[in-house]
Amino acid sequence: MKLLLVGSGGREHALAWALAGSPLVSKLYCAPGNAGIAEVAERVATGAMELDRLVDFATERRIDFVVIGPEMPLVAGLWDRLEAAGIKALGPSAAGAMLEGSKGFVKDLCAANQIPTAAYRRFTDAAAAKAFAATLGLPVVIKADGLAAGKGVIIAETAAEGDRAIDSILRKSGDDIVIEEFLAGEEASFFVLTDGEHVLPLAGAQDHKRAYDGDKGPNTGGMGAYSPAPVLTPSVTKKALDRIVRPTIAAMAVRGTPYMGVLYAGLIIEDGEPKLIEYNCRFGDPECQVLMMRLKSDLATALIAARDGQLANLDLRWRNEAALTVVMAARGYPGEYAQGSEIRGLEAASKSEGVRIFHAATERRNGRLVATGGRVLNVTAVGRDVAEAQQRAYKAVDLIDWPEGFCRRDIGWRAVSRQRL
Ligand code: AMP
Ligand code: GLY
């Protein structure tokens, strides 16, 4: 089969690596890809949001199946456009992608189906929003309704900060605003694959959203991850499936907008009770990188089965080993950073035991590997536990010669400190 993968980040490099190894895949294209992806797929010079050109390419090349990595093309309806042109693709549809695209939609769906999540209300009026925020205590969580690349959430520690956030979001977007209760507890990322009816749990992972060690500094897209996540015990996983994910999939089907594809539930777990913080309509980045290192079964078979409504009898096998990934980012990320600096030493680093390096934003220029974005490399390792995977990943990080880059030195700290208990 000929497959097209859409996207260019570390998540897509991990997906490309898994798909390229599939016995079903005879040819893999990636639009637009990066320098690492070029080693396992043929790059196509088309961006992930050039929907017309992607549909044209898939039609002309008679692509059998399309995998869409990032949320933006899903929310914009790339799945719907491909399927209308007769090309099979892993969803969700634009209507399904509302689970990520609209926070207000998700909160209303949770309320209507008794799905555990933070108490909330939606507002368009600043004065009413501020009055409600005042009833919730501090901190209070303020969210813009639409996609905001992680920047749409403000956790206000004071009432004045909350009021400023409300004014600023309403002024900028004119959209709805969601005000919600702050949930204390430990966060985890839980992934399932669904065909709209059957739900196949994938694995759990834990991300590190803050830029600096000790979970300090600004929020980012994610600075590192590991899988499995000890906080997702069998009991917590069962509750997350029975109380959160399955009711959501059932409710989406009842509305006439069945959800097909990967569903990523961002959970907060307190005293063994999971609550939903948010949904994403795709794999997490960098969580996908650690999931792909642990997946033993064929990824292409599973994704195609989801599209074809055939998940009922599919079983996935995972390595018992842990996987951990360290994100190397350009100095300054998530703020301003320079592009075009050279990275050396990757070849030696990738020969380290248990290590695989996924590229997130790289290009080759005149034979040199250069950084072209904020999050640039994902140094990923497997080990018998998180501590060993962590030690192997950092050993490889230390072989990489890239003075213009930085990484956190404490990825995996929660799991490692649990192991020491
Ligand atoms: P989101 O953009 O929805 O992923 O939110 C970004 C981050 O804000 C999450 O990963 C959480 O760390 C935090 N967050 C969002 N909602 C809440 C909440 N109700 N209580 C506590 N933390 C939250
Ligand atoms: N790592 C968080 C995300 O993919 O949204």
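Reading the values: the criteria
Residues numbered from 1 in each chain as written. Chains lettered and ligands numbered in written order. Predicted model: local features only at pLDDT ≥ 70, side-chain atom pairs only at ≥ 80, totals over all residues. Heavy atoms only, no water. Helix = DSSP H or I, 4+ residues; strand = E, 2+ residues; numbered from the N terminus. Rg over C-alpha atoms; globule rule 2.2 N^0.38 Å. Buried < 20%, exposed > 50% of the residue type's maximum accessible area, 1.4 Å probe, protein only. Contact = heavy atoms within 4.5 Å. Areas by Shrake-Rupley, 256 points an atom, 1.4 Å probe, with all protein chains shown as cover. Lys, Arg positive; Asp, Glu negative; His and termini not counted. Charge placed at Lys NZ, Arg CZ, Asp CG, Glu CD. Pairing = 2+ DSSP bridges. Axes fitted to C-alpha atoms, helices over the stretch in contact; angles between N-to-C directions. Patch = residues over 30% accessible without salt bridge, like charges linked within 9 Å, V, L, I, M, F, W, Y side chains within 5 Å. Salt bridge = Lys/Arg side-chain N within 4 Å of Asp/Glu carboxyl O. Parallel < 35°, antiparallel > 145°, perpendicular 65-115°, else oblique. Left-handed = near helix turned anticlockwise from the far one by under 90°. Nonpolar A, V, L, I, M, F, W, Y, C, P; charged D, E, K, R; others polar. Near = heavy atom within 4 Å. Polar contact = N/O pair within 3.5 Å; in protein donor to acceptor, adjacent residues only side chain to side chain. Phe/Tyr/Trp six-rings, centres within 6.5 Å; stacked < 30°, edge-to-face > 60°.

Participant: Account for the overall build of the protein chain, naming residues and giving values.
Facilitator: Helices and strands together make up the secondary structure of the protein chain, namely 14 helices and 21 strands. In summary, the protein chain has a C-alpha radius of gyration of 21 Å against a globular reference of 22 Å for 421 residues, a match within 12%. Each of the three principal axes of the protein chain carries a C-alpha extent, and together these read 60 × 45 × 40 Å. Looking at the protein chain as a whole, 57% of its 421 residues qualify as buried. Counted over contacts in the protein chain with a minimum sequence separation of 6, partners at least 24 positions apart contribute 68%. With the model as given, the accessible surface of the protein chain reaches about 17,400 Å², and the carbon-plus-sulfur share is 49%. Each charge class in the protein chain was averaged separately, 50 positive and 52 negative side chains, and the resulting centres sit 3 Å apart.

Participant: Please provide a residue-by-residue account of the sheet that holds strand β4 (residues 65–68), values included.
Facilitator: Here 4 strands make up an open sheet; going across it, the order is β3-β2-β1-β4 and the pairing parallel. Because the sheet does not close on itself, it has two edges, and the strands there are β3 (42–43) and β4. Here strand β2 (residues 27–32) pairs with β3 via 2 bridges, running parallel. Residue pairing across strands places C30 opposite R43, the latter belonging to β3. Of the strands in this sheet, β1 (2–7), β2 and β4 touch helix α1 (residues 10–20), which is tilted by about 170° from β1. Against the sheet, helix α2 (residues 51–60) engages β1, β2 and β4, with an angle of about 165° to β1.

Participant: Please provide a residue-by-residue account of a nonpolar patch on the surface, values included.
Facilitator: On the surface, a cluster of nonpolar side chains totalling about 220 Å² of accessible area is made up of V153, I155 and F182. Secondary-structure assignment places I155 in strand β7 (residues 153–156).

Participant: Help me get a handle on the packing of helix α13 (residues 386–397) against helix α14 (residues 413–420), residues and values and all.
Facilitator: At a minimum axis distance of 9 Å, the contact between α13 and α14 shows a crossing angle of 130°. By the angle between their axes, α13 is oblique relative to α14. Our pair here, α13 against α14, has a crossing hand that is left-handed. When α13 is examined against α14, the residues V386, A387 and Q390 are found in contact with a partner set consisting of W413, A415, V416 and Q419. Here the contact of α13 with α14 is built from residues that sort into 5 nonpolar, 2 polar and no charged.

Participant: Help me get a handle on the site of ligand 2, residues and values and all.
Facilitator: For ligand 2, the full set of nearby residues is D207, K209, G221, Y264, N280, R282, G284, D285, P286 and E287. G221 is positioned with one of its backbone polar atoms (N or O) 3.1 Å from a nitrogen atom of ligand 2. Taking D285, its main chain carries an N or O atom lying 2.9 Å from a nitrogen atom of ligand 2. Relative to its unbound accessible surface of 200 Å², ligand 2 loses 89% to contact with the protein.

Participant: If you had to explain the packing of aromatic side chains to someone new, which residues and values would you point to?
Facilitator: Evaluation of the coordinates by the stated rule reveals 7 aromatic pairs. An angle of 55° between the planes, with centres 5.8 Å apart, marks the rings of W17 and F358 as tilted. With W17 in helix α1 and F358 in strand β17 (residues 355–359), this residue pair connects regions lying 341 residues apart in the sequence. Residue W17 is classed as partly exposed on the basis of its relative accessible area of 26%. For the ring pair F123 and F132, a centre distance of 5.6 Å and an interplane angle of 40° mean the geometry is tilted. Relative accessible area serves as the criterion here: at 14%, F132 is assigned to the buried category.

Participant: Quick rundown of the site of ligand 1? Include the residues and the values.
Facilitator: Around ligand 1, a shell composed of 15 residues is seen, among which E180, L183, E187, K209 and E278 lie nearest. Contact between ligand 1 and K103: an oxygen atom at 3.3 Å from a side-chain N or O atom of the residue. In this structure, a nitrogen atom belonging to ligand 1 sits 3.0 Å away from a side-chain N or O atom of K143. Of all elements in the fold, only β6 (140–144), β7, β8 (177–181) and β15 (273–280) reach the threshold of two or more residues within the shell around ligand 1. Residue classes in the shell around ligand 1 are distributed as 8 nonpolar, no polar and 7 charged.

Participant: Before we move on, can you summarise the side chain of R282 with the specific residues and values?
Facilitator: Note on placement: R282 falls in the loop between β15 and α10 (287–294). Judged by its relative accessible area of 12%, R282 is buried. In this structure the side chain of R282 is engaged in a polar contact, spanning 3.2 Å, whose partner is the side chain of E100. The residues contacting R282, other than those within four sequence positions of it, are R11, G69, P70, E71, L74, E100, F191, Y259, V262 and Y264.

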